[in-house]
Amino acid sequence: MNLQNIPQIKHTDSGNFFLLAGPCAIEGEEMALRIAEKLVSVTDRLQIPYVFKGSFKKANRSRIDSFTGIGDEKALKILQKVSQTFGVPTVTDIHENEDAAKAAEYVDVLQIPAFLVRQTDLVVAAAETGKTVNLKKGQFMSPESMKHAVQKVLDCNNENVMVTDRGTMFGYQDMIVDYRGIPTMKQFATTVLDVTHSLQQPNQTIGVTGGRPDMIETVAKAGIAVGVDGIFIETHFDPANAKSDGANMLHLDYFEGLMKKLVAIRKTINNF
């Protein structure tokens with residue numbers, strides 16, 4: 001995938017990794033703009049190619065009373081406003097076939113959730129919009145098997161496809177990153193490491209996912225060291241009160257410090 005095919009993306013000649021980052025879910029306009037302003041400022045200073053991430057709805061919740069969104073069109077219009085306000089591309093995940101065309105009117109990258117990456121009709125619907133497609137590797141799938149998901153997009157005459165590793169199930173309630181999968185998946189497509197989802201602790205008895213945000217820096221550093229093309233991080237200025245996935249998100253206050261470290265590691269890696 002040519003990163004420059006994503007509209008409005010900047011700093012593609014910097015030699016840096018690219019970044020997909022933002023809140024788990026769009027909770028409102030003020031919070032989205034506040035997070036985006038910080039992320040855009042930091043990534044511009046560090047010359048990191050950046051895509052703002054936010055889910056316009058959350059369909060894969062453990063409990064029926066979990067937050068799922070503020071309304072599809074309302075959230076999509078907020079994503080569009082972020083893009084127009086700060087001049088950056090946006091990415092959101094889709095869960096149903098009809099979501100593809102609807103979301104494609106507002107965002108630049110369509111993301112297929114890990115649980116749904118084997119759903120052929122959904123992958124094809126995303127690919128046929130012509131937008132860049134981000135395929136999350138299923139927690140239950142091997143890195144080698146992702147070549148088939150990538151091929152589905154390519155067979156739709158869409159070469160703008162990337163793969164994102166978001167960890168592999170390790171027992172019932174934990175995730176682990178197998179870094180051997182990064183070079184494997186890079187043979188098939190541009191490859192991203194989803195740092196924060198890889199640190200989830202799913203299937204908790206209370207029906208709310210746990211996490212290990214204290215390990216975000218460790219996992220991110222290792223990803224850069226093994227040569228991932230991009231990094232995916234969810235962040236929030238108040239993770240404890242975020243409406244979705246707060247347990248594993250990076251606090252916004254720590255974002256710039258982490259990015260500086262990752263840029264330094266990438267600069268060193270580029271010398272080898």
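Below is a summary of the structure that appears in this document. Worth saying up front: this structure is predicted, and the values here are computed from it rather than measured. (Residues numbered from 1 in each chain as written. Predicted model: local features only at pLDDT ≥ 70, side-chain atom pairs only at ≥ 80, totals over all residues. Heavy atoms only, no water.)

1. Overview of the packing of aromatic side chains
Inference 1: In the structure shown here, the tally under the stated rule is 0 aromatic pairs.
Inference 2: Over the aromatic face of Phe237 sits the side chain of Arg34, whose NZ or CZ is 3.8 Å from the ring centroid.
Inference 3: For the cation-ring pair, Lys136 lies above Phe232, with the distance from its terminal atom to the ring centre recorded as 4.5 Å. (Phe/Tyr/Trp six-rings, centres within 6.5 Å; stacked < 30°, edge-to-face > 60°. Lys NZ or Arg CZ within 6 Å of the ring centre and 35° of its normal.)

2. Focus: unusual backbone geometry
Inference 1: A positive phi is found at Gln8, a non-glycine position, where the angle reads about 70 degrees.
Inference 2: Relative to the helices and strands, Gln8 is located in the segment before β1 (18–22).
Inference 3: Although it is not a glycine, Asn157 sits at a positive phi angle of roughly 60 degrees.
Inference 4: Its place among the elements puts Asn157 in the loop between α5 (146–154) and β6 (161–165). (Helix = DSSP H or I, 4+ residues; strand = E, 2+ residues; numbered from the N terminus.)

3. Points about the packing of helix α4 (residues 120–127) against α5
Helix packing for two helices is described by the angle between their axes and how far apart those axes are.
Inference 1: It is the contact of α4 with α5, at a shortest axis distance of 8 Å, that shows an interaxial angle of 45 degrees. Between α4 and α5, the angle is such that the two are oblique. Taken as a pair, α4 and α5 cross one another with a handedness that is right-handed. On α5, the residues touching Thr120, Val123 and Ala127 of α4 are Ala149, Lys152 and Val153.
Inference 2: Split by residue class, the contact of α4 with α5 holds 4 nonpolar, 1 polar and 1 charged. (Axes fitted to C-alpha atoms, helices over the stretch in contact; angles between N-to-C directions. Parallel < 35°, antiparallel > 145°, perpendicular 65-115°, else oblique. Left-handed = near helix turned anticlockwise from the far one by under 90°. Contact = heavy atoms within 4.5 Å. Nonpolar A, V, L, I, M, F, W, Y, C, P; charged D, E, K, R; others polar.)

4. Observations regarding the packing of helix α1 (residues 29–46) against helix α2 (residues 72–86)
Inference 1: One way to put it is that α1 packs onto α2 with a least axis distance of 10 Å and a crossing angle of 35 degrees. The handedness of the crossing between α1 and α2 comes out as right-handed. Contact residues: α1 offers Glu29, Ala32, Leu33, Ala36, Glu37 and Val40, while α2 offers Ile78, Lys81, Val82, Thr85 and Phe86.
Inference 2: Each residue belonging to the contact of α1 with α2 can be placed in one class, and the counts come to 7 nonpolar, 1 polar and 3 charged.

5. Quick notes on the pattern of salt bridges
Inference 1: Counted under the stated rule, the structure contains 18 salt bridges.
Inference 2: In this structure, Asp194 and Lys136 form a salt bridge, with 2.9 Å as the shortest nitrogen-oxygen distance. One end of the pair, Asp194, is in strand β9 (residues 190–194); the other, Lys136, is in strand β5 (residues 132–136), and 58 residues separate them in sequence.
Inference 3: Note on Asp194: relative accessible area 0%, which makes it buried.
Inference 4: In this structure, the salt-bridge partner of Asp214 is Arg212, at a minimum N-O distance of 2.7 Å.
Inference 5: Residue Arg212 is classed as partly exposed on the basis of its relative accessible area, which comes to 33%.
Inference 6: A single network of salt bridges, built from pairs that share partners, joins Lys57, Asp72, Glu96, Asp99 and Lys102. (Salt bridge = Lys/Arg side-chain N within 4 Å of Asp/Glu carboxyl O. Buried < 20%, exposed > 50% of the residue type's maximum accessible area, 1.4 Å probe, protein only.)

6. Examining the environment of Thr168
Inference 1: Within the secondary structure, Thr168 is located in strand β7 (residues 168–169).
Inference 2: In this structure, the C-alpha to C-alpha distance between Thr168 and Lys137, residues 31 residues apart in sequence, is 8.6 Å.
Inference 3: If we skip the residues at most four places from it in the chain, Thr168 touches Lys137, Gln139, Asp174, Met175 and Ile176.

7. Points about α5
Owing to its 3.6 residues per turn, the α-helix brings residues three or four apart onto one side.
Inference 1: Those residues of α5 that sit buried are Met146, Ala149, Val150 and Val153. An end-on view of α5 places all buried positions within 100 degrees of arc, on one side of the element.
Inference 2: Its buried side turned inward, α5 meets α4, β5, β6 and α6 (181–186). (Arc of directions from axis to C-beta.)

8. Re the pairing of strand β2 (residues 50–53)
Inference 1: Burial along β2 is two-sided: the residues Tyr50 and Phe52 and Val51 and Lys53 are all buried.
Inference 2: Of the strand pairs in this sheet, β1 and β2 are connected by 3 bridges, and their pairing is parallel. Directly across from Leu20, in β2, lies its bridge partner Val51.
Inference 3: The β-α-β motif built from β1, the intervening α1 and the parallel element β2 has right-handed crossover chirality.
Inference 4: Inspection of the sheet shows β2 paired to strand β3 (residues 90–93) by 2 bridges, in the parallel sense. By the bridge assignment for β3, Phe52 is matched with Thr90. (Pairing = 2+ DSSP bridges. Right-handed = clockwise from strand over helix to strand, strands pointing away.)

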